[in-house]
Amino acid sequence: MRKLLICLSCILFAFAPLFAEVANASDQTKDDDRLRNCGMVLKEILDVPDNIPQDLLDKADCVVVFPSVLKAAFIVGGSYGRGAMSCRKGEDFRGPWGLPR
């Protein structure tokens, strides 16, 4: 019985890195989908006829987009969402826009 447990443990440790790679690939596709959704939401916001004033965007240091937010409340409230943030580069955030994070 003890040899069987040792053998099964060795097999589990041998295949553990494979499970981590599958989980990492899944996280990468979720991140890609979230960034794609953030880009679509930001494009839709900027394409609205009553759009955000350009001088407001020119003054912004960062832009944060949450494509979906879940809210719940019963006596105590809370919200949850995941999104992306893009900030300006350079001194005093006056350079070009950086990659979303």
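Further up the page is the structure itself.
From a predicted model like this one, the values you see are computed outputs, not experimental measurements.

Colleague: Mind laying out the pairing of strand E3 (residues 76–81), listing which residues take part and the relevant values?
Modeller: Counting buried positions along E3 gives zero out of six residues, so the element sits mostly on the surface. Linking two consecutive strands that pair antiparallel, namely strand E2 (residues 69–74) and E3, is a turn of one residue; a positive phi of about 70 degrees is found at Ile75 within it.

Colleague: Explain the environment of Lys71 residue by residue, including any values.
Modeller: Its place among the elements puts Lys71 in strand E2. Residue Lys71 is classed as exposed on the basis of its relative accessible area, which comes to 72%. Sequence-wise, Lys71 and Gly81 are ten residues apart; in three dimensions their C-alpha atoms are separated by 8.8 Å. Each residue touching Lys71, except ones within four places of it in the same chain, is listed here: Gly78 and Ser79.

Colleague: Let's hear about the pattern of salt bridges: which residues, and what values?
Modeller: According to the stated counting rule, one finds three salt bridges in the structure shown. Salt-bridge contacts for Asp31 lead to Arg34; the nearest nitrogen and oxygen are separated by 2.7 Å. Here Arg34 and Asp31 lie together in helix H1 (residues 2–46), a separation of three residues that amounts to about one turn. Among the salt bridges present, the one from Arg94 reaches Asp61, with a minimum N-O distance of 3.5 Å. Of the two residues, Arg94 sits in the segment after strand E4 (84–87) while Asp61 sits in the loop between helix H2 (54–59) and strand E1 (62–65), which places them 33 residues apart along the sequence.

Colleague: Give a detailed account of the side chain of Arg88, specifying residues and quantitative values.
Modeller: Structurally, Arg88 can be placed in the segment after E4. Buried and unpaired, Arg88 has Asp58 as its nearest opposite-charge partner, separated by 4.5 Å. Of note is the side chain of Arg88, whose polar atom sits 2.9 Å from the backbone oxygen of Ala60. Apart from residues lying up to four places away in sequence, Arg88 is in contact with Leu57, Asp58, Ala60, Asp61, Phe93, Arg94, Gly95, Pro96 and Trp97.

Colleague: For a nonpolar patch on the surface, give the residues involved together with the corresponding values.
Modeller: A surface patch of nonpolar side chains, about 340 Å² in accessible area, is lined by Val64, Phe66, Val69 and Met85. Mapping Phe66 onto the fold places it in the loop between E1 and E2.

Colleague: Break down unusual backbone geometry for me, with residues and values.
Modeller: Its identity is not glycine, yet Ile75 carries a phi of approximately 70 degrees, on the positive side. You can see Ile75 is positioned in the loop between E2 and E3.

Colleague: Please provide a residue-by-residue account of the layout of surface pockets, values included.
Modeller: The gaps left among the atoms become clear once a water-sized probe is rolled over them. Here the largest pocket defines a volume of roughly 270 Å³. Lining the largest pocket are 16 residues, with Leu42, Val63, Val65, Ser86 and Trp97 positioned closest to its centre. Contributions of two or more residues to the lining of the largest pocket are made by H1, H2, E1 and E4. Among the elements that take part in the lining of the largest pocket, H1 stands out by supplying five residues, more than any other. Of the residues contributing to the lining of the largest pocket, the split by class is eleven nonpolar, three polar and two charged.

What counts, and where the lines are drawn
- Residues numbered from 1 in each chain as written.
- Predicted model: local features only at pLDDT ≥ 70, side-chain atom pairs only at ≥ 80, totals over all residues.
- Heavy atoms only, no water.
- Buried < 20%, exposed > 50% of the residue type's maximum accessible area, 1.4 Å probe, protein only.
- Helix = DSSP H or I, 4+ residues; strand = E, 2+ residues; numbered from the N terminus.
- Pairing = 2+ DSSP bridges.
- Contact = heavy atoms within 4.5 Å.
- Salt bridge = Lys/Arg side-chain N within 4 Å of Asp/Glu carboxyl O.
- Lys, Arg positive; Asp, Glu negative; His and termini not counted.
- Polar contact = N/O pair within 3.5 Å; in protein donor to acceptor, adjacent residues only side chain to side chain.
- Patch = residues over 30% accessible without salt bridge, like charges linked within 9 Å, V, L, I, M, F, W, Y side chains within 5 Å.
- Areas by Shrake-Rupley, 256 points an atom, 1.4 Å probe, with all protein chains shown as cover.
- 1 Å grid on protein atoms, 1.4 Å probe; cavity = no way out; pocket = protein on both sides within 12 Å on 5 of 7 lines; lining within 4 Å.
- Points joined across faces, edges and corners; volume = space filled by probe spheres on them.
- Nonpolar A, V, L, I, M, F, W, Y, C, P; charged D, E, K, R; others polar.

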